[in-house]
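# Results of the structural survey
As a plain string of letters, each chain reads:
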Amino acid sequence: MNVYHKLAELPRFKNAVLTIGSFDGVHKGHQQILQRVNQLARENDGESVLITFHPHPRLVLHPDQSSLQLLTTIDEKVRLLESYGIDHVVVIRFTKDFASQSPKAYIEDFLIDRFQPACIVFGYDHRFGKDRAGNIENFRDYAAKGAFKIVEIEKQEVDDITVSSSKIRLAVEKGDVKTAAQLLGHQFTLGGSIVHGQSIGRSLGFPTANIQPANKHKLIPPQGVYAVYAYHQQQRYGGML
């Protein structure tokens, strides 16, 4: 998988099948979109391209009032996207200037000029542009003119619960990592650097590793004891957190 952080680095994609969003958690609802994007790319002898944003748009647009905690850091998100078979991930630096584009400029100057999409795949609630004024109707106008095809993904249900990042966050906040994993379609993860603590575990014969998360907005489960897999230097270990 190729990852791009600058628009100037982008190649000319072949029959790009495009999807756009924050994809926090890369949960089961997102996975339906990714599956469809990959399928359409194969059917059209094209490439799957996913556009995501960093920082998360809410952290930029509402810095004073946003208490948003992320299910995935940008690095975790990219690793998950690679595991689901996306060909190209484009990480757009989200700014207020980017958010202030009109729907017309967003579609013509950003999407068409930069990506030349053959097809664009959306979740059911996709909004974009200044004041989130753009929606799928804007894209239908361009699709009717033959600019590209569009595909809309309906709400996905898991055990009669609509999958959403906010519902997964609620589960993690309650320590219900089992429900979170069910909605995510993979285990909730924490990553970061090992930092020194008080070495109490070592003095008891059970040395521990203290993890400092790399992103201050990363969601942390409540205090408790969790069964985990720990990954270090490409090795997996059973453990307790």
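Summary of the structure given here. In every chain, residue numbers begin from 1 and rise along the written sequence. With pLDDT at 70 or above as the cut-off, local features in this predicted model cover only qualifying residues; side-chain atom pairs require 80 or more to be listed or tallied, and sums for whole chains, interfaces and linings still use all residues. The basis for every side-chain value is the complete set of heavy atoms in the structure, and neither hydrogens nor water enter the calculation.

A separate point is the packing of helix 5 (residues 103–115) against helix 6 (residues 136–144). Helix 6 packs onto helix 5 with a crossing angle of 55° between their chain directions and a minimal axis gap of 10 Å. Between helix 5 and helix 6, the crossing angle belongs to the class labelled oblique. In terms of crossing hand, the pair formed by helix 5 and helix 6 is right-handed. On helix 6, the residues touching Pro103, Lys104, Tyr106, Ile107, Glu108, Leu111 and Ile112 of helix 5 are Asn138, Phe139 and Tyr142. A fitted line through C-alpha atoms serves as each axis, taken over the contacting stretch for helices, and the angle formed by two N-to-C directions is quoted from 0 to 180°. Only DSSP runs of H or I reaching four residues or more are called helices, and only runs of E reaching two or more are called strands; each is numbered from the N terminus. Roughly parallel covers angles under 35 degrees, roughly antiparallel covers those over 145, roughly perpendicular covers 65 to 115, and oblique covers all other angles. Each helix crossing is assigned a hand: it is left-handed if the near helix lies turned anticlockwise from the far helix by less than a right angle, otherwise right-handed if that turn is clockwise. Note on contacts: a residue pair qualifies if any of its non-hydrogen atoms lie within 4.5 Å across the two residues.

One can describe the packing of helix 7 (residues 165–173) onto helix 8 (residues 177–184) by two numbers: an axis separation of 7 Å at closest approach and a directional angle of 155°. As judged from the angle between their axes, helix 7 and helix 8 are roughly antiparallel. Two packed elements cross with a definite hand, and for helix 7 against helix 8 that hand is left-handed. Along its contact with helix 7, which presents Ile168, Ala171 and Val172, the element helix 8 presents Thr179, Ala180, Leu183 and Leu184. When its residues are assigned to classes, the contact of helix 7 with helix 8 shows 6 nonpolar, 1 polar and no charged. Any residue that is not Ala, Val, Leu, Ile, Met, Phe, Trp, Tyr, Cys, Pro, Asp, Glu, Lys or Arg is counted as polar, Gly included; the first ten are nonpolar and the last four charged.

It is worth spelling out a nonpolar patch on the surface at this point. Each patch is built from residues lacking any salt bridge and having more than 30% relative accessible area; the joining distance is 9 Å for like charges and 5 Å for nonpolar side chains (Val, Leu, Ile, Met, Phe, Trp, Tyr). Accessible surface is estimated by sampling points in the Shrake-Rupley manner with a 1.4 Å probe; for residues, cover comes only from the protein chains shown. Salt bridge criterion: a side-chain nitrogen from Lys or Arg within 4 Å of a carboxyl oxygen from Asp or Glu. Taken together, Leu190, Ile220 and Leu241 make up a surface patch of nonpolar side chains, about 260 Å² in accessible area. Here leucine 190 lies in the loop between helix 8 and strand 9 (192–195). The cut-offs for exposure are 20% and 50% of the maximum accessible area for each residue type, with area from a 1.4 Å probe on protein chains only; residues under the lower value are buried, those over the upper are exposed, and the others partly exposed. Judged by its relative accessible area of 37%, leucine 190 falls in the partly exposed class.

Turning to the sheet that holds strand 2 (residues 16–20), a few remarks are in order. Taking strand neighbours across the sheet as the criterion, the 6 strands line up as 1-4-3-2-5-6 in an open arrangement whose pairing is parallel. Only two strands of the sheet have a single partner each, and these edge strands are strand 1 (2–4) and strand 6 (149–153). The mean angle between the axes of side-by-side strands here comes to 20°, regardless of whether they run parallel or antiparallel. Across 3 bridges, the pairing between strand 1 and strand 4 (residues 88–93) is parallel. Paired with tyrosine 4 across the strands is valine 90, a residue of strand 4. Paired strands, as defined in this entry, are two strands with at least two bridges between them according to DSSP.

In this section: the nonpolar core. Residue types Ala, Val, Leu, Ile, Met, Phe, Trp, Tyr and Cys, when buried and joined through side-chain atoms within 4.5 Å, form a set referred to as a nonpolar core. Core analysis: the biggest nonpolar cluster contains 27 residues, and Ile51, Tyr106, Leu111, Phe115 and Phe139 have the highest contact counts within it. Among the secondary structure elements, those contributing two or more residues to this core are strand 2, strand 3 (48–54), strand 4, helix 4 (96–99), helix 5, strand 5 (117–123) and helix 6. The dominant element in this core, judged by the number of residues it contributes, is helix 5, at 5 residues. Filtering out sequence-adjacent residues up to four positions away, isoleucine 51 remains in contact with Leu18, Thr19, Ile20, Gly21, Phe23, Val90, Ile92, Phe110, Leu111 and Phe115. Of all hydrophobic cores here, the second largest spans 20 residues; its members include Val78, Leu80, Leu81 and Val151.

So, about helix 8. Two residues of an α-helix separated by three or four positions point the same way, owing to the 3.6 residues in each turn. Residues Ala180, Ala181, Leu183 and Leu184 constitute the buried set of helix 8. Seen end-on, helix 8 carries its buried residues on one side only, within an arc spanning 165°. Just beyond helix 8, the residue with positive phi is glycine 185, at close to 85°. Comment: arc refers to directions from the helix axis out to C-beta atoms.

A separate point is the environment of glutamate 76. Within the secondary structure layout, glutamate 76 lies in helix 3 (residues 74–83). Residues glutamate 76 and leucine 190 lie 114 residues apart in sequence; the distance between their C-alpha atoms is 8.9 Å.

As a further point, take unusual backbone geometry. Following histidine 54, the chain continues to proline 55 via a peptide bond in cis, the omega torsion being 0°. Looking at where proline 55 falls in the secondary structure, it is placed in the loop between strand 3 and helix 2 (57–61). Positive phi, normally seen in glycine, also occurs at phenylalanine 23, with a value near 55°. One can find phenylalanine 23 in the loop between strand 2 and helix 1 (28–43). By relative accessible area, phenylalanine 23 is classed as buried at 5%. Notably, glutamine 233 is not glycine yet its phi reads approximately 50°, a positive angle. In this structure, glutamine 233 sits in the loop between strand 11 (227–232) and strand 12 (235–240).

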